[in-house]
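Here's the letter readout for the chains.
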Amino acid sequence: MVEIRSLRESFVRIMSEYVHARDHERYGGHELGTLIRQQLPRLILENLSASEDINPNNYRINGSIGQGNWAYVPWLVIMDRDITVTTQEGEYVAYLFSEDMERVYLAFNQGVTKADRRDYLAKKNILRDSINFQDFQVDDNIRLSDKPLGRKYEQSTVAYRQYNKTDLVNGITTEEQLINDLHQMMLIYQEYKEQIWQPDNSANQNDNLEPTSEPVVAEVISHIKEYITAKGFAYPDGLIENFYLSLKTKPFVLLAGISGTGKTKLVQLFAEAIGCRYKLISVRPDWNDGSDLLGYKNIQGKFVAGPIIDFIKAANDDADNIYLVCLDEMNLARVEYYFSDFLSIMETRKKVNKNIVTDTIIDSNYFENKSDQAYADLILPDNLYIVGTVNMDETTHPFSKKVLDRANTIEFSEIHLDMFTLLDETNSGLDTWKVNPAFLKSKYVTLRDCGIENEDKLGDIIGRLMEINDILKEANLQIGYRIRDEICFYMLYNNQEELLTENAAFDFQLMQKVLPRIQGSSETIKRVLIKLFYFTAGRDYSNEDGTIGSKAINFVNANNDLPFPRSSAKIAFMIKRFEEDGFTSFWL
């Protein structure tokens, strides 16, 4: 990507390319995301550093083109770290782009997510009366979008300056004017902090806060992403939403891929961001049965606790908190040997009133000493989540279908070395949110739990799965009822929270529940993959001779509007690998 060295160039490129990208191009990894999230913040930081009156270390700069899919109103915000470190509350300076990309506004704005509409409208009028905004406009004529969020941005704007696309393109609005306006607005923001703003001393007392009673999922996801960014890490678009939906669907998720892609760090930062209890357990290569993880009786008959059992006990005793355990490098040992007890117990999940319970992990009759009875009758409670990180290489053991069928397996193979930031975020002060366990708690264990109101939606999802099964049955690889149910749950949760587009969510499920099952060396496998490519990409190669893999890869690369781009790219790779090696599998 070409480095852009001026605000005007950045705005012109965004306003010239964004609408087409939003309507026709893939969201994940797009260059406009890099421009708005990384290049433009660095450029603004450089401009702020050039001013003797502004200390750039006081500010946090974030840009966004959406969460998992394209935003109608992309933005970039500059936040004083004392006032706020999230766009959901407080006051900040923002660049807001209109949905039609004909205008961009430099605005003094307020966070609206945590505020009642009456409150931010009233505060807007107070701020207009209290602050000298000089020659910035202080009316309600800002025009961003007719969408609900765009309307909120309009209503919460206190003051602004409008720049028209034609004026930017033709140089009527100059770089000097843009920089001068930015400095002027930042000085007003600084004056607001010094003379009007009143710090809320309770805002940072998170350890004493009660968990929120009804977490708004989109807000929490946004906070998690901001928290991860503030810690200096970056993940592909849609990954956090997918990780959340996978945990919500079933409390066992695998993160698989090459070493060094941030699998373990994701679990840690996710746990920190939502204030849950977290434990990291490093799997040893000599583990060969459940006692290595749970514990065992020594020759005196006393129970010696394994590395996970006390954490499970704490989760049983503390229903008000989320417990998240990470089994690091899970397949250094054979998972089926030491984890089979857990896999079996997970399949006993059932709803009892409003809770989800399982059979007991260790029966009370196993314990000989009275002091060990504290471990008797423990279950896998519905506030406990297990995430395994997996390196798929020659040093580890492969997974059986038994394991893959029981988890959402998220592949970490998408690597963008340019996803980094040099902004100083180490002391951002971004707080942990203590999230209610309802945030991750499953609502569904069987399809019957989904309710009659979701019957039509379930019919659509299952209809797609039946099409896929018709393809898979040629190789005897059909998905069963367990996978059907879990894909349905995932899709329903996504539909309810509107985190990903319908196709993006189904694309993730194809990648995590269907394609990992496919491997082999027979021509039947190749025929199945070619038919699946037609399903995911809309291009039929079944009647063509010769090398198909390279053609399929070129087709994916040349088309940005495929229904299921991730799955299409993976299937094309699997076909090419079959043609080159005589064998293929999902894993690299």
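Residues numbered from 1 in each chain as written. Predicted model: local features only at pLDDT ≥ 70, side-chain atom pairs only at ≥ 80, totals over all residues. Heavy atoms only, no water.

Undergrad: Please set out the overall build of the protein chain residue by residue, giving values where relevant.
TA: Looking only at helices and strands, the protein chain features 20 helices and 16 strands. Taking the principal axes of its C-alpha atoms as reference, the protein chain extends roughly 80 × 70 × 45 Å. Counting all 588 residues of the protein chain, 54% fall into the buried class. For the protein chain, the proportion of contacts with a sequence separation of at least 24, taken over those separated by at least 6, is 73%. About 25,800 Å² of surface is accessible on the protein chain, with carbon and sulfur atoms providing 45% of the total. If the 64 positive side-chain charges of the protein chain are averaged to one point and the 88 negative ones to another, these points end up 5 Å apart. (Helix = DSSP H or I, 4+ residues; strand = E, 2+ residues; numbered from the N terminus. Buried < 20%, exposed > 50% of the residue type's maximum accessible area, 1.4 Å probe, protein only. Contact = heavy atoms within 4.5 Å. Areas by Shrake-Rupley, 256 points an atom, 1.4 Å probe, with all protein chains shown as cover. Lys, Arg positive; Asp, Glu negative; His and termini not counted. Charge placed at Lys NZ, Arg CZ, Asp CG, Glu CD.)

Undergrad: Let's hear about the sheet that holds strand β1 (residues 59-64): which residues, and what values?
TA: A sheet is described by the order of its strands in space; here 5 strands give the open sequence β1-β2-β3-β4-β5, paired in antiparallel fashion. With partners counted over all chains shown, the strands left at the sheet margins are β1 and β5 (159-164), one partner each. Across this sheet, the average inter-strand angle for adjacent strands is 15°, counted without regard to direction. Set on the sheet, helix α1 (residues 7-24) makes contact with β3 (91-97), β4 (103-110) and β5; between it and β3 the angle comes to about 55°. The strands touched by helix α6 (residues 175-195) within the sheet are β1, β2 (75-80), β3, β4 and β5, with β3 carrying the most contacts at an inclination of about 150°. (Pairing = 2+ DSSP bridges. Axes fitted to C-alpha atoms, helices over the stretch in contact; angles between N-to-C directions.)

Undergrad: Could you give an account of helix α19 (residues 549-558), with specific residues and numbers?
TA: Among the residues of α19, Gly-549, Ala-552 and Val-556 are the ones counted as buried. Taken end-on, α19 shows its buried residues confined to a sector of 65°, consistent with a single buried face. Summarising the geometry of α19, the exposed residues directed more than 90 degrees from the buried face are Asn-554, Asn-557 and Ala-558. Against the buried residues of α19 lie α18 (523-537) and α20 (565-581). (Arc of directions from axis to C-beta.)

Undergrad: I'd love a proper account of the nonpolar core, names of residues and values included.
TA: For soluble globular proteins, nonpolar side chains are generally found buried alongside one another. One finds Ile-224, Phe-243, Ile-274, Phe-339 and Phe-439 to be the most contacted residues of the largest nonpolar core, which totals 124 residues. For Phe-339, the residues in contact, after removing those within four places along its chain, are Phe-252, Leu-293, Leu-327, Met-330, Met-346 and Ile-386. Residues Met-15, Trp-75, Val-77 and Val-158 belong to the second largest nonpolar core, which totals 61 residues. (Core = buried A, V, L, I, M, F, W, Y, C linked by side-chain atoms within 4.5 Å.)

Undergrad: Give me the pattern of salt bridges: which residues, what numbers.
TA: In the structure shown here, the tally under the stated rule is 38 salt bridges. Glu-486 serves as the salt-bridge partner of Lys-513, at 2.8 Å between the closest nitrogen and oxygen. Of the two residues, Lys-513 is situated in helix α17 (residues 502-514) and Glu-486 in helix α16 (residues 481-497); the sequence distance between them amounts to 27 residues. Among the ionic pairs, Glu-544 bridges to Lys-551, the shortest N-O distance being 3.2 Å. In this structure Lys-551 comes out as partly exposed when scored by relative accessible area, which is 35%. Connected via shared salt-bridge partners are Lys-250, Glu-347, Arg-406, Arg-482, Glu-486 and Lys-513. (Salt bridge = Lys/Arg side-chain N within 4 Å of Asp/Glu carboxyl O.)

Undergrad: Can you explain the environment of Cys-450? Please cite residues and give values.
TA: Relative to the helices and strands, Cys-450 resides in the loop between β14 (408-412) and α15 (455-472). Cys-450 sits 392 residues away from Asn-58 along the chain, and the two C-alpha atoms are 48 Å apart. With residues up to four places along the chain from it excluded, the contact list for Cys-450 reads Tyr-444, Leu-458, Phe-489 and Leu-492.

Undergrad: Tell me about the sheet that holds β14, and please be specific about residues and values.
TA: Strand order in the open sheet formed by 5 strands is β7-β10-β13-β6-β14, with parallel pairing between adjacent strands. Edge positions in the open sheet fall to β7 (277-282) and β14, since each of these has one partner strand only. Recorded for the sheet is a direction-independent mean angle of 20° between the axes of neighbouring strands. Looking at chain direction, strand β6 (residues 252-257) and strand β13 (residues 384-391) are connected through 6 bridges and run parallel.

Undergrad: Describe the packing of aromatic side chains, with residues and values.
TA: A full pass over the atoms with the stated rule returns 27 aromatic pairs. Ring centres of Phe-108 and Phe-133 lie 5.4 Å apart, and the angle between their planes is 75°; on these two criteria the pair is classed as edge-to-face. Within this pair, whereas Phe-108 is found in strand β4, its partner Phe-133 is found in the loop between α3 (117-130) and α4 (148-156), the two being separated by 25 residues in sequence. Each member of the pair, Phe-108 as well as Phe-133, is classed as buried. Through successive ring pairs, a cluster of aromatic residues spans Tyr-59, Phe-108, Phe-133, Tyr-189 and Tyr-192. One cation-aromatic arrangement involves Lys-147 over Tyr-72; the distance from NZ or CZ to the ring centre is 4.3 Å. Positioned above the aromatic ring of Tyr-493, the side-chain terminus of Lys-248 is 5.6 Å from the ring centre. (Phe/Tyr/Trp six-rings, centres within 6.5 Å; stacked < 30°, edge-to-face > 60°. Lys NZ or Arg CZ within 6 Å of the ring centre and 35° of its normal.)

Undergrad: Please set out the packing of helix α7 (residues 217-230) against helix α9 (residues 263-273) residue by residue, giving values where relevant.
TA: One way to put it is that α7 packs onto α9 with a least axis distance of 9 Å and a crossing angle of 120°. With respect to α9, the element α7 is oriented oblique. α9 is crossed by α7, and the crossing has right-handed handedness. Mapping the contact onto sequence places His-223, Ile-224, Tyr-227 and Ile-228 in α7 and Leu-266, Leu-269, Phe-270, Glu-272 and Ala-273 in α9. Tallied by class, residues from the contact of α7 with α9 come to 7 nonpolar, 1 polar and 1 charged. (Parallel < 35°, antiparallel > 145°, perpendicular 65-115°, else oblique. Left-handed = near helix turned anticlockwise from the far one by under 90°. Nonpolar A, V, L, I, M, F, W, Y, C, P; charged D, E, K, R; others polar.)

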